[in-house]
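Overview (structure and organization)
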Amino acid sequence: MFYIQQIQCISPQQTFPQASLDTLLDPVNNKLNVIEPSYDGVPRNALRRMSKSVRIGVGAALPIIKNTGTHIDGIIIGTANGGMEDSIVFLKQVIEFEEGVITPGHFVQSTANATAAQLSLVSANKNYNITHVHRGHAFELALIDAAMQLRENADSNYLVGGVDEISVYNYKLDELDNWYKPAPVTAGNFYTQNTPGSVAGEAAVMLLATNDSANAIAAVIDIVTLHTTDIADVQLALQNILAKHGDTIDIFLSGENGDNRFDTFYTAVENELNNDVTVARFKHICGEYPTATSFALWFACELLSTSHIPAHAVKKQGSSSFKNVLIYNVHKGVQHSFILVRES
Amino acid sequence: MGVISAIGNTVAENHSALINGSCGIGQLQDFPSKYAGELPFAAVKLSTEKLKQILGVTDPSVTRTTLLAMAAFTEAIQDAALAAATLSSLGTALIGASTVGGMCLADELYRDANESYKESPYLSSYDCASVFLYMQKHYQLRGLINTINTACSSSANAIMYGARLIQNGLAIKAIVGGADSLSKFTINGFHALHILSPEICTPFDENRQGLNLGEGAAFLVLEKAEDAAGKKIYAEVKGYCNTTDAFHPSSLSDNGDGPYLAMQGALASAKLHAADIDFINAHGTGTENNDLAESRAMQRIFDHVPPFSSTKSFTGHTLGAAGAIEAVYSILNIINGETHPTLHFNNTIPDTGLTPVTTHQSIKAKHVMSNSFGFGGNCSSLIFSSVS
């Protein structure tokens, strides 16, 4: 479908600008917060006005914008909670000042398209610009958008990103809604608690998508999204993918998040795959968040380009081949997705 | 097509108000904001309870934005005579847009986020995706579902995304549109930006004082020309373009670069010349900044600016629903061969000398352009054409 020419990731671990994942940081209070870089080249006053998701999105995209040199044909962002923090900060002002005189700063920053808008400003880009916010599919729908754009405009390149932050408020709402574990979790016992809930995460992943295979990091072969609570639908979707692209998966990158309510989906997918498939996991690295599949895609690129899986990520060692990686994720038990990534 | 807005709960009611010049902007009743009695707004004339009753919704987590979306969606799928099996087909996509989503429940969100109110039914209802995730479940949709938020151009981009899914073979049918409801959140946001008009808005008028916020929803059912053969066809999605102004987070550049590029790109995508456009449903919010930038952009594109109008003078600015509502109105222009007036207009902006259409007139409307511009510089322009 398309090639990834560049990819950058600002995450809770050492991933930016170079990755070193052999040792991991544990969650603090069941949150995996990003390690923010110094943002060299971003004016300080502009930085101060940005929310964390906008900061990390811009931070991850800047090296790509710099390296690309020529113009970028579009900016396509997936974010579920972009703007949430500013929304509630603004709302707090509205209610606490009883709708009195308030400044519009947080309101303007609260729009979900703030990251895509900032990227257009920092790169003076007047082309295609869109923000997909469909919660657990926001990043996948951005990838599908890029794939369509590259079919429509063959000689183009698109900056595609997935970004979400842990804000005080979205953490609180999701915590109330039982999406996070109350008991402390470490990287080591992330998957073995056998309790409901996961650990909150956040990250920004930005990539450059083109039709150019020369020197590409990886190819995104297919992206499938579905909404269901029925395992049979997920199994059927997987069978269709394998029938379409060949049953040649080397690595299954599983979105397991330690929430025992959803293990059955991941087990069902694992069981559909050949016995010699290596099963790896990533949410102990980045935590759980709606666009975590963008971190999975970055991790898949890392695996394909280094031919190495950190030991902590291996659930089951199988084939030692590094050609085809299948990412599967389910968000909150309803939004499922598959992303098939191939070596370039 | 389906639409619900301050000027009616159906396409027919909206059409009747547009040709009769019946404005939907006025006093807001029973709304939890101090501005409800001070400023004009354009509310849908059905209470949230009444909407729930009409739609048969009992789930306490469902918000007004979702109910408005469902009202328009229901009309659209009935109009297109989509059977339940077709709705649930893997090839039927739903592409929605919203900017407010469940944040219409501003006080509840504040309470839940600050007071840890565990019993709240709304914990998963505040984001924009909640609207279309609920509809997925309610209507048992199985195709691709998306939620787009590019501020005030959101539902124009939903139409574009749906059309492209069909063209790329990723959907057979796409139900596209958007919904937003009035919220204390947006009311105070636009008020803080000093762009809410104290009077009923007067788009493209020299003395315009800002916009009025509105609410509503609209959906359109799209499919390939060959699949639509033999069915009732209103119009063709002829062209579209999404661009960025790349100027300022909340205002347009003086010359309207983003709007200019969007209109130019839509013409190129439709393989039309500027002179082919018969009518423009302008973004026309009534703010100082938008109407001037949009006028200048129109003058850069068109040697002679075609008849244009802002139906926001009827509906207020419905934010994430505006692109879809105005797409329905543009199609009404085409199928009825008519213009829709800009209400309350008095004086031409001296800088531009452009006067919007102020009456309902018969017109040849083969190609109609619809503009939507949003915060963050997100500009989209759509072109609809008659199929005869």
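Residues numbered from 1 in each chain as written. Chains lettered and ligands numbered in written order. Predicted model: local features only at pLDDT ≥ 70, side-chain atom pairs only at ≥ 80, totals over all residues. Heavy atoms only, no water.

1. Notes on the pattern of salt bridges
The criterion, for reference: Note on definitions: salt bridges are taken to be side-chain nitrogens of Lys or Arg within 4 Å of carboxyl oxygens of Asp or Glu. Strands are runs of DSSP state E lasting at least two residues, helices are runs of H or I lasting at least four, and both sets are numbered from the N terminus onward. To sort residues, take the accessible area from a 1.4 Å probe on protein chains only and compare it with the maximum for the residue type: under 20% means buried, over 50% means exposed, and anything in between is partly exposed.
Per the stated rule, a full pass over the model turns up 28 salt bridges over all chains. Between Glu-152 of chain A and Arg-164 of chain B there is a salt bridge, with its nearest N and O atoms 3.1 Å apart. Here the residue Glu-152 of chain A occupies a position in helix 6 (residues 138-152), and Arg-164 of chain B occupies one in helix 7 (residues 154-167), the pair thus bridging two chains. Residue class for Arg-164 of chain B comes out buried when judged on its relative accessible area of 1%. Where Glu-288 of chain B meets Arg-208 of chain B, a salt bridge forms, and the shortest distance between an N and an O atom there is 3.7 Å.

2. Some remarks on the domain arrangement of chain A
Residue and element names in this part refer to chain A. Rules: Per the annotation, domain bounds derive from an automatic or database assignment of domains. The contact definition used throughout considers only heavy atoms, calling two residues in contact when any of these lie within 4.5 Å. Buried area counts how much accessible surface, traced with a 1.4 Å probe, disappears from two parts once they are put together, with both parts' losses summed.
Under the domain assignment used here, chain A contains domain 1 (2-210) and domain 2 (218-343). Taking the mean C-alpha position of each, domain 1 and domain 2 sit 21 Å from one another. Every contact between the two is made by 50 residues of domain 1 and, on the other side, 42 residues of domain 2. Carbon and sulfur atoms supply 63% of the area that domain 1 and domain 2 bury against each other, a total of about 3,800 Å² over both sides. It is His-137, Trp-179 and Tyr-191 in domain 1 that bury the most area against domain 2; as a group they hold 19% of the surface buried on that side. Counting across the domain 1 and domain 2 interface gives one salt bridge.

3. A word on the packing of helix 1 (residues 11-20) of chain B against helix 13 (residues 322-336) of chain B
In helix packing, the relevant descriptors are the interaxial angle and the interaxial distance, both defined with respect to the helix axes. Residue and element names in this part refer to chain B. Inclusion rule: Helix axes are fitted only over the stretch in contact, all axes being lines through C-alpha atoms; the angle between N-to-C directions runs from 0 to 180 degrees. By definition in this entry, angles of less than 35 degrees are roughly parallel, angles greater than 145 are roughly antiparallel, angles of 65 to 115 are roughly perpendicular, and the rest are oblique.
Running from amino to carboxyl end, helix 1 crosses helix 13 at an angle of 70°, the nearest separation of the two axes being 11 Å. One element, helix 1, and the other, helix 13, form an angle in the roughly perpendicular class. Of helix 13, the residues touching helix 1 (which contributes Val-11, Asn-14, His-15 and Leu-18) are Val-328, Tyr-329, Leu-332 and Asn-336.

4. So, helix 7 of chain B
All names here are of chain B. Selection criterion: Given the number of residues in a helix, its expected span is that number minus one, multiplied by 1.5 Å.
For helix 7, with 14 residues, the first-to-last C-alpha span of 20 Å sits near the 20 Å given by 1.5 Å per residue. Within helix 7, 13 of the 14 residues are buried, leaving the element largely enclosed by the surrounding structure. Taken from the residues just after helix 7, Gly-169 is the one with a positive phi, measuring 75°.

5. Observations concerning the environment of Asn-371 of chain B
All names here are of chain B. Stated formally: Pairs of N or O atoms within 3.5 Å make up the polar contacts considered here, provided that, within protein, one atom can donate a hydrogen while the other can accept it, and that residues adjacent in sequence are counted only when both atoms are side-chain atoms.
In this structure, Asn-371 sits in strand 9 (residues 367-373). In sequence terms Asn-371 and Ile-277 are 94 residues apart; their C-alpha atoms lie 13 Å from each other. When sequence neighbours within four positions are dropped, the list of residues in contact with Asn-371 reads Met-263, Ile-280, Asn-281, Ala-282, His-283, Glu-294, Glu-326, Ser-380 and Ser-381. A distance of 3.1 Å separates polar atoms of two side chains, one belonging to Asn-371 and the other to Glu-294.

6. Here's the deal with the interface of chain B and chain A
Taken residue by residue, the interface counts 63 residues in chain B and 56 residues in chain A. Contact between chain B and chain A buries roughly 5,100 Å² in total, counting both sides, with carbon and sulfur atoms accounting for 60%. The interface formed by chain B and chain A contains five salt bridges. Residue Asp-127 of chain B is joined to Arg-135 of chain A by a salt bridge in which the shortest nitrogen-to-oxygen separation is 2.7 Å. Summed over the shared surface of chain B and chain A, the number is 27 residue pairs in polar contact (both at pLDDT 80 or more). Of all elements in the fold, only helix 5 (106-115), helix 6 (129-138), strand 3 (145-148), helix 7, helix 8 (184-192), strand 6 (236-244) and helix 10 (257-270) of chain B reach the threshold of two or more residues within the side of chain B that touches chain A.

7. Examining the sheet that holds strand 7 (residues 279-281) of chain B
Residues and elements named next belong to chain B. As a reminder, the rule being used: In this analysis, strands are considered paired if DSSP registers two or more bridges between them.
Spatially, 6-10-9-7-8 is the arrangement adopted by the five strands of the open sheet, whose pairing is mixed. Looking along the sheet, the strands with just one partner apiece sit at the ends: strand 6 and strand 8 (308-309). In this structure, strand 7 lies alongside strand 8, joined through two bridges in parallel fashion. Across the sheet, the residue bridging to Asn-281 is Ser-309, located in strand 8. Where helix 7 meets the sheet, its contacts fall on strand 6, strand 9 and strand 10 (378-385), and the angle it forms with strand 6 comes to roughly 120°. With respect to the sheet, helix 10 is in contact with strand 6, strand 9 and strand 10, its orientation differing from that of strand 6 by roughly 145°.

8. Overview of the nonpolar core
Put simply, the rule reads: Residues belong to one nonpolar core when they are buried, are Ala, Val, Leu, Ile, Met, Phe, Trp, Tyr or Cys, and are joined through side-chain atoms within 4.5 Å.
Counting residues in each nonpolar core, the largest one holds 93 residues, and the members touching the most others are Phe-2, Val-160, Leu-207 and Phe-299 of chain A. A per-element tally of this core places helix 11 (residues 292-306) of chain A first, with 10 residues. Counting only domains with at least three residues in this core, you end up with domain 1 (2-210) and domain 2 (218-343) of chain A. Excluding its chain neighbours within four sequence positions, the residues that come into contact with Leu-207 of chain A are Phe-2, Ile-4, Gln-6, Ile-7, Ile-64, Phe-139, Leu-143, Tyr-158, Leu-159, Val-160 and Leu-297 of chain A. Judged by nonpolar contacts, the second largest core, of 41 residues, contains Ile-88 of chain A together with Ala-106, Phe-190 and Leu-213 of chain B.

9. Focus: the packing of helix 6 of chain A against helix 11 of chain A
Residues and elements named next belong to chain A. Threshold: Gly counts as polar in this scheme, as do all residues outside two lists: the nonpolar Ala, Val, Leu, Ile, Met, Phe, Trp, Tyr, Cys and Pro, and the charged Asp, Glu, Lys and Arg.
With their axes 7 Å apart at the nearest point, helix 6 and helix 11 run at an angle of 60° to one another. Overall, the two elements helix 6 and helix 11 adopt an arrangement that is oblique. From helix 6, Phe-139, Glu-140 and Leu-143 reach across to helix 11, where they touch Thr-293, Ser-294 and Leu-297. A class-by-class count of the residues in the contact of helix 6 with helix 11 yields three nonpolar, two polar and one charged.

10. Quick word on the packing of aromatic side chains
As a reminder, the rule being used: Here a pair means two rings of Phe, Tyr or Trp (six-membered ring of Trp) with centres within 6.5 Å. Their orientation is stacked below 30 degrees between planes, edge-to-face above 60, and tilted elsewhere.
Taken as a whole and judged by the stated rule, the model has 18 aromatic pairs over all chains. Each ring, one from Tyr-266 of chain A and one from Tyr-328 of chain A, has its centre 5.2 Å from the other, and the planes form 65°; the classification is edge-to-face. In this pair, Tyr-266 of chain A is assigned in helix 9 (residues 263-272) and Tyr-328 of chain A in strand 10 (residues 324-331), connecting sequence segments 62 residues apart. Overall, Tyr-328 of chain A belongs to the buried group, its relative accessible area being 0%. Counting every residue linked through ring pairs, the aromatic cluster contains Phe-90 and Phe-107 of chain A together with Phe-185, Phe-190 and Phe-375 of chain B.

11. A look at unusual backbone geometry
Here Phe-16 of chain A and Pro-17 of chain A are connected by a cis peptide whose omega angle stands at 0°. Take Pro-17 of chain A: it is sitting in the loop between strand 1 (2-10) and helix 1 (44-49). Positioned with a positive phi, Phe-204 of chain B is a non-glycine residue whose angle comes to about 65°. Tracing the sequence through the fold places Phe-204 of chain B in the loop between helix 8 and strand 5 (216-223). Assessed through its relative accessible area of 0%, Phe-204 of chain B is described here as buried.

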